[in-house]
Amino acid sequence: MKFKVLSMAFILGPTASFAQVDEEDEHENEHENEHTDESPSYSYLEISSIGYDMDFGGIDVEPDGYKVKLSLALGDSLFGVIDRSNSGGSFSGANYDFDTQGYGFGLRGDSWFASYTYNTWELSNNEFDVDTLRLGFRDNWTDRLEFNASYSWNNIEDADNDDGFQAGFLYRLGGNFHLVAEYETIGGDLDIDTLTAGIRLTF
């Protein structure tokens, strides 16, 4: 009888251990999939450094500064956004400022979004309006990494309507904190390239 009990313990012991390991692995995979399957958050506060490379009628300027952006999810399919940037530089020994602010709203799905934003751009006390329509997507590639991209149509006051393209990454540091990096280009008369990098807090 002792021999049978010891034999059963020998057989079941490793089996139970393997079952426990499998259960732990399955739990970890489920935890990772929870983040991967989640739709990207549209409620966040972002603070970034911003740099421009702009061509105004053959004059090249490169202002840099900071940007603050607030986005709020409104129900299951809507969101609102407010953003503001302050930057500046010098040209031919003279300093200048380039400040922007925008207000908008949009529709969103699991991995796509469409938005409209009314923007005001001010370059050294010269102010002009910009209406932007944007169509894009956001997708969680892993539980920590998101890729996003969009196409924009920009109606710029006193200039041609210019197309734009944007691409960016978001990396989750832990909890609700993320690193963000984004590149955007707008062609046409102005020829604007923008690079931002910063931190985002989702809620």
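Use the structure listed above.
Each residue is numbered by its place in its chain's sequence as written, counting from 1. Since the coordinates come from a predicted model, pLDDT governs what is reported: local features require at least 70, and pairs of side-chain atoms require 80 or more to be given and counted, while whole-chain, interface and lining totals use all residues. Hydrogens and water molecules were not included; the side-chain quantities draw on all heavy atoms of the structure.

Q: What's the story with the overall build of the protein chain in this structure? I'm lost.
A: Regarding its fold elements, the protein chain presents one helix and 11 strands. Secondary structure follows DSSP: runs of H or I at least 4 residues long count as helices, runs of E at least 2 residues long count as strands, and numbering of each begins at the N terminus. Ordered by position from N to C terminus, the α and β elements of the protein chain give α-β-β-β-β-β-β-β-β-β-β-β. Going through the 203 residues of the protein chain one by one, you find that 34% of them count as buried. Any two residues whose heavy atoms approach within 4.5 Å are treated as being in contact. Long-range pairs, those at least 24 residues apart, make up 43% of the contacts in the protein chain between residues at least 6 apart in sequence. Per element, the accessible surface of the protein chain, about 12300 Å² overall, is 58% carbon and sulfur. We call a residue buried when its accessible area falls under 20% of the maximum for its residue type, exposed when it is over 50%, and partly exposed in between, using a 1.4 Å probe and counting protein chains only. Only the protein chains shown count as covering a residue, and every accessible area follows the Shrake-Rupley method with a 1.4 Å probe.

Q: Hey, could you run me through a negative patch on the surface in this one?
A: On the surface, D60, E62, D64 and D191 cluster together to form a negatively charged patch. Its location among the elements puts D64 in strand β3 (residues 64–74). The patches described consist of residues with a relative accessible area above 30% and no salt bridge, like charges being joined within 9 Å and nonpolar side chains (Val, Leu, Ile, Met, Phe, Trp, Tyr) within 5 Å. Basic side-chain nitrogens of Lys or Arg form a salt bridge, by our definition, when they fall within 4 Å of a carboxyl oxygen of Asp or Glu. Only four residue types enter the tally: Lys and Arg on the positive side, Asp and Glu on the negative side, with His and both chain ends excluded. The atoms used to mark charge sites are NZ of Lys, CZ of Arg, CG of Asp and CD of Glu.

Q: It is not clear to me how the packing of aromatic side chains should be interpreted in this structure. Could you clarify?
A: What characterises a pair of aromatic rings is the spacing of the ring centres plus the angle enclosed by the ring planes. Two rings from Phe, Tyr or Trp (for Trp, the six-membered ring) form a pair when their centres are within 6.5 Å of each other. A pair whose planes differ by under 30 degrees is stacked, one over 60 is edge-to-face, and the rest are tilted. In this structure the tally under the stated criterion is 11 aromatic pairs. Here Y42 and F79 contribute two aromatic rings whose centre-to-centre distance is 4.9 Å and whose plane-to-plane angle is 35°, an arrangement assigned as tilted. You can see Y42 sitting in the loop between α1 (2–37) and β1 (44–56) and its partner F79 sitting in strand β4 (residues 78–91), a full 37 residues away along the chain. Residue Y42 is classed as buried on the basis of its relative accessible area, which comes to 6%. On the basis of an interplanar angle of 25° and a centroid distance of 5.0 Å, the ring pair of W141 and F147 is categorised as stacked. Its relative accessible area of 17% is what places F147 among the buried residues. Sitting over the face of the ring of Y42, R138 holds its NZ or CZ atom 4.6 Å from the ring centroid. Note on criteria: charge over ring means Lys NZ or Arg CZ within 6 Å of the ring centre, with the direction from the centre no more than 35 degrees off the ring normal.

Q: Sorry, what's going on with unusual backbone geometry here?
A: For residues besides glycine, phi is generally negative; the peptide bonds are generally trans as well. Phi at S92 takes a positive value of approximately 55°, unusual for a residue other than glycine. As for its placement among the helices and strands, S92 is situated in the loop between β4 and β5 (94–108). When its relative accessible area of 68% is taken as the criterion, S92 is described as exposed.

Q: Explanation requested: the environment of R144 in the structure shown.
A: Locating R144 in the fold gives a position in the loop between β7 (126–140) and β8 (145–156). We classify R144 as partly exposed; its relative accessible area is 33%. Separated by 28 residues in the primary sequence, R144 and R172 place their C-alpha atoms 4.8 Å from one another. Those residues in contact with R144 that sit more than four places away from it in its chain are L170, Y171, R172, L173 and G174. Identification of polar contacts relies on pairs of N or O atoms within 3.5 Å, with a donor-acceptor requirement for protein atoms, meaning one able to donate a hydrogen and the other able to accept it, and with residues adjacent in sequence counted only if both atoms are side-chain atoms. Here L173 takes part through its backbone oxygen, which lies 3.4 Å from a polar atom of the side chain of R144.

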